[in-house]
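The residues making up each chain are set out below.
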2 protein chains.
Amino acid sequence: MAITRNTMVHEGPGGLFESVVVTDDGAASVPGILLFPNVLGTKEADFTMAEKVAALGYAVLVADVYGQGRRTTRADPDMARYMKELNDDRALMKARLLRSLEVLKGISAVDAARTAAIGYCFGGKCVLDLARAGADIRGGVSFHGVYDAPPFANAAITAKLLICHGWDDPIAPPDAMVGLGRELTEAGCDWQIHAYGQTGHAFTDRDANMPERGLAYQPDADRRSFKAMTDFLAEVLA
Amino acid sequence: MAITRNTMVHEGPGGLFESVVVTDDGAASVPGILLFPNVLGTKEADFTMAEKVAALGYAVLVADVYGQGRRTTRADPDMARYMKELNDDRALMKARLLRSLEVLKGISAVDAARTAAIGYCFGGKCVLDLARAGADIRGGVSFHGVYDAPPFANAAITAKLLICHGWDDPIAPPDAMVGLGRELTEAGCDWQIHAYGQTGHAFTDRDANMPERGLAYQPDADRRSFKAMTDFLAEVLA
C-alpha cells in the first residue's frame, strides 16, 4: 500500500481549478471523500490530512474551489480575499461545490454511490452548503465551520451531518450554533453537533496559534473530532 | 466469563439503600462505573444496561439514591415523588451521590483510582451533581440529563464530562444546554456536548413512548451515544 497524490486540473464554473487526488495506489471502488480546505485554499496541511483519511480506506479529492493559482497564506495581508468572493456569491459557491462533487465521482477509484464531504473552517461551510444544495452525498462533516445559510432557499438535505464545534469559537458563538441546530431541525435531516468545551476556532489546525483572536490548535478536540469523523464515515459509507 | 448481578444493601444518608453490583465473575482491579437510574429508580432496564457496560471490562454499581423499597413505575400517578425529594434537597442528593461513589470504590473487584459515572435523565443530573461536588471520578457521561445547577457553590470540577443531548428534549431545551455549556466553561473543566438532531428526551430508553410529550426511544442517538460513551470511558479510564 502506497498513498499517492496526483494533481488534477479540471474545468469548473469560472475557469480552471487545481485539485489534488489522494488515494492508495491499489484503491478500486472505494468510497470517495471531498475535502474542502480552510480560508487559505489547498495547501500542504490539507494534503497531509487527506493522506490520513485515505489511510482509512477512502479516495480523497482535496477540492480547489477558488481557481488555479488562487491561494493565500496567513502572512498575506488580505488572506480572505478568495473566500470573500464566494461568501459574496453563494450561488457561484454552490455551483463550484457541486462541480467538485462531480469531479470526485468521476475518479476511477471512486464508487460514485458512496461519497461524503469533510471540511475545515470555510471548508465546513462548503460542506454545509453542499448538503443544503441537496447534493447526493451520504454524509458531511464540518470542523470549526461557519454556519450562516445562503440567501436563497435550500433543497431538501439528504446527507447525514456531523458538526464538530469549538464552544468558544468567536466565528460561531453559541447563538450561531443554536441557529444551525434550528435550521437543520427544520430541514428534517439527520444531524449531530459535537461541541467541545475550552476549545476555540481552528482546533484541528496545528498551524493556528492566535489565542488572542480565539484561534488555536486543541489536541483533545482534534483527536476526538477525528475519531468522531472516522466512526461517522464508517457508518454512512458502509 | 459470566456477568452476574449481586444485590448490595448499604447504609447512606437517610437510611438503607439497595444497589446492585454487576460484574464479570473473574473481574479484578477493573475500573468501576456508577450507573445512576432515571426518575423511576433502579429497575431491570438499568441492570440490563449495566451488563452491557460490564461487558466492556468494567465493574458497575447500579446506584440506589432513593432508599430501599422506594421505586416507581410509569404507571404510578406520582412517579416522580422520590426524585422530587432530592430535587428539593440538593445537599442531601449530593451526600447520597458521594456515598454511592464510596460504595463503588469499596467493591473488591474495583480499582478505586479508576472510576467514572454514567446516568440517564435524572441520573444524568446525578452525574453532573457528582462532578459539581468535586468528586474524585475521572469522567462522567450524562444521557438526556437535566442541567439546572444546585443552589449552592460547587467545588472545582476535576472529572471530564460527556453530555449526550437530544436537541428536541422539552426538559432541556437549547437554552438550558447553552446554560450548561456556559457553566462548564466557567468551571474550566474538560467537557463535550453531543447534541443529536430529531431526538427528544429519553432517547436511550426502549420503554419510552410518549412522543406527544417529547419522550421517545431514538435508535440512532441510542447507538451513537453508547459508542461515544464507550470511547470516552476508554479514554478517561486508560
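Above this note sits the structure.
Residues numbered from 1 in each chain as written. Chains lettered and ligands numbered in written order. Predicted model: local features only at pLDDT ≥ 70, side-chain atom pairs only at ≥ 80, totals over all residues. Heavy atoms only, no water.

Quick notes on the overall build of chain A
Here is step 1 of the chain: Counting its secondary structure elements, chain A contains 6 helices and 10 strands.
Here is step 2 of the chain: Relative to a compact globule of 238 residues, whose C-alpha radius of gyration would be 18 Å, chain A shows 16 Å and is just as compact.
Here is step 3 of the chain: Its C-alpha atoms give chain A principal-axis dimensions of roughly 45 × 40 × 35 Å.
Here is step 4 of the chain: Per-residue burial for chain A yields a buried fraction of 57% across its 238 residues.
Here is step 5 of the chain: When contacts within chain A are restricted to residue pairs at least 6 apart in sequence, those whose partners lie at least 24 apart make up 64%.
Here is step 6 of the chain: Carbon and sulfur atoms make up 54% of the accessible area of chain A, which amounts to about 9,000 Å² in all.
Here is step 7 of the chain: On chain A, the mean spot of the 24 positive side-chain charges and the mean spot of the 31 negative ones are 1 Å from each other. (Helix = DSSP H or I, 4+ residues; strand = E, 2+ residues; numbered from the N terminus. Rg over C-alpha atoms; globule rule 2.2 N^0.38 Å. Buried < 20%, exposed > 50% of the residue type's maximum accessible area, 1.4 Å probe, protein only. Contact = heavy atoms within 4.5 Å. Areas by Shrake-Rupley, 256 points an atom, 1.4 Å probe, with all protein chains shown as cover. Lys, Arg positive; Asp, Glu negative; His and termini not counted. Charge placed at Lys NZ, Arg CZ, Asp CG, Glu CD.)

Focus: the packing of aromatic side chains
Here is step 1 of the chain: Under the defined criterion, the tally for this structure stands at 10 aromatic pairs over all chains.
Here is step 2 of the chain: With a centroid separation of 6.1 Å and an interplanar angle of 25 degrees, the aromatic rings of Tyr-66 of chain A and Phe-122 of chain A are classed as stacked. Separated by 56 residues along the polypeptide, Tyr-66 of chain A in the loop between strand S4 (59-62) and helix H2 (81-87) and Phe-122 of chain A in helix H4 (residues 122-132) bring together distant segments of the chain. Neither residue differs from the other here; Tyr-66 of chain A and Phe-122 of chain A are each classed as buried.
Here is step 3 of the chain: Ring centres of Tyr-196 of chain B and Phe-203 of chain B lie 5.6 Å apart, and the angle between their planes is 70 degrees; this geometry places the pair in the edge-to-face category.
Here is step 4 of the chain: Since its relative accessible area comes to 0%, Phe-203 of chain B is described here as buried. (Phe/Tyr/Trp six-rings, centres within 6.5 Å; stacked < 30°, edge-to-face > 60°.)

Here's the deal with the packing of helix H3 (residues 90-106) of chain B against helix H4 (residues 122-132) of chain B
Residues and elements named next belong to chain B.
Here is step 1 of the chain: At a closest axis distance of 9 Å, the pairing of H3 and H4 adopts a crossing angle of 85 degrees. Relative to H4, the element H3 lies roughly perpendicular. Across the interface between the two elements, Arg-90, Met-93, Leu-97 and Leu-98 from H3 touch Phe-122, Lys-125, Cys-126, Asp-129, Leu-130 and Arg-132 from H4.
Here is step 2 of the chain: For the contact of H3 with H4, a count of residues per class yields 6 nonpolar, no polar and 4 charged. (Axes fitted to C-alpha atoms, helices over the stretch in contact; angles between N-to-C directions. Parallel < 35°, antiparallel > 145°, perpendicular 65-115°, else oblique. Nonpolar A, V, L, I, M, F, W, Y, C, P; charged D, E, K, R; others polar.)

A word on the state of the cysteines
Two cysteines form a disulfide when their sulfur atoms are joined by a covalent bond.
Here is step 1 of the chain: Under the criterion given, the structure shown has 0 disulfides over all chains.
Here is step 2 of the chain: Here Cys-189 of chain A stays unpaired: no disulfide links it, and the sulfur of Cys-164 of chain A, its closest cysteine neighbor, is 15 Å away.
Here is step 3 of the chain: No disulfide involves Cys-126 of chain B; its nearest neighbouring cysteine sulfur is the one of Cys-121 of chain B, lying 9.5 Å away. (Disulfide = S-S within 2.5 Å.)

Concerning the interface of chain A and chain B
Here is step 1 of the chain: The partner chain B presents 27 residues to the 27 residues of chain A that form the contact.
Here is step 2 of the chain: Interface area, chain A with chain B, both sides summed: about 2,100 Å², of which 47% is carbon and sulfur.
Here is step 3 of the chain: Our count for the contact surface shared by chain A and chain B stands at 8 salt bridges.
Here is step 4 of the chain: For the interface between chain A and chain B, the tally reads 19 residue pairs in polar contact (both at pLDDT 80 or more).
Here is step 5 of the chain: Listed by contribution, the elements that provide at least two residues to the side of chain A that touches chain B are helix H5 (174-187), strand S8 (191-196) and helix H6 (219-236) of chain A.
Here is step 6 of the chain: Among the elements that make up the side of chain A that touches chain B, the one with the highest residue count is H5 of chain A (7 residues).
Here is step 7 of the chain: Grouping the constituent residues of the side of chain A that touches chain B by class yields 10 nonpolar, 7 polar and 10 charged. (Buried area = accessible area lost by both parts, 1.4 Å probe. Salt bridge = Lys/Arg side-chain N within 4 Å of Asp/Glu carboxyl O. Polar contact = N/O pair within 3.5 Å; in protein donor to acceptor, adjacent residues only side chain to side chain.)

Some points on the pattern of salt bridges
Here is step 1 of the chain: For the coordinates displayed, the defined rule picks out 49 salt bridges over all chains.
Here is step 2 of the chain: Linking Arg-132 of chain B and Glu-183 of chain B is a salt bridge whose minimum nitrogen-to-oxygen distance equals 2.8 Å. Note that Arg-132 of chain B is positioned in helix H4 and Glu-183 of chain B in helix H5 (residues 174-187), a separation of 51 residues in sequence.
Here is step 3 of the chain: Shared partners join several salt bridges into a network, and the residues in it are Arg-90, Lys-125, Asp-129, Arg-132, Asp-148 and Glu-183 of chain A.

Some remarks on the relation of the copies chain A and chain B
Here is step 1 of the chain: If you rotate chain A by 180 degrees and push it 0.0 Å along the axis, it lands on chain B with an RMSD of 0.0 Å. A rotation of that kind, with that shift, is consistent with a two-fold axis. For chain A, the minimum C-alpha distance to the rotation axis belongs to His-194 of chain A and amounts to 2.2 Å.
Here is step 2 of the chain: When the interface residues of chain A are mapped onto chain B, 100% of them are again interface residues, pointing to one common binding face. (Least-squares fit on C-alpha atoms with pLDDT ≥ 70 in both.)

A look at the nonpolar core
Here is step 1 of the chain: With 94 residues, the main nonpolar core has Phe-36 and Leu-161 of chain A together with Phe-36 of chain B as its most contacted residues.
Here is step 2 of the chain: When residues no more than four places from it in sequence are discounted, the contact partners of Leu-161 of chain A are Leu-128, Ala-131, Gly-140, Leu-184, Cys-189, Asp-190, Trp-191, Gln-192 and Phe-232 of chain A. (Core = buried A, V, L, I, M, F, W, Y, C linked by side-chain atoms within 4.5 Å.)

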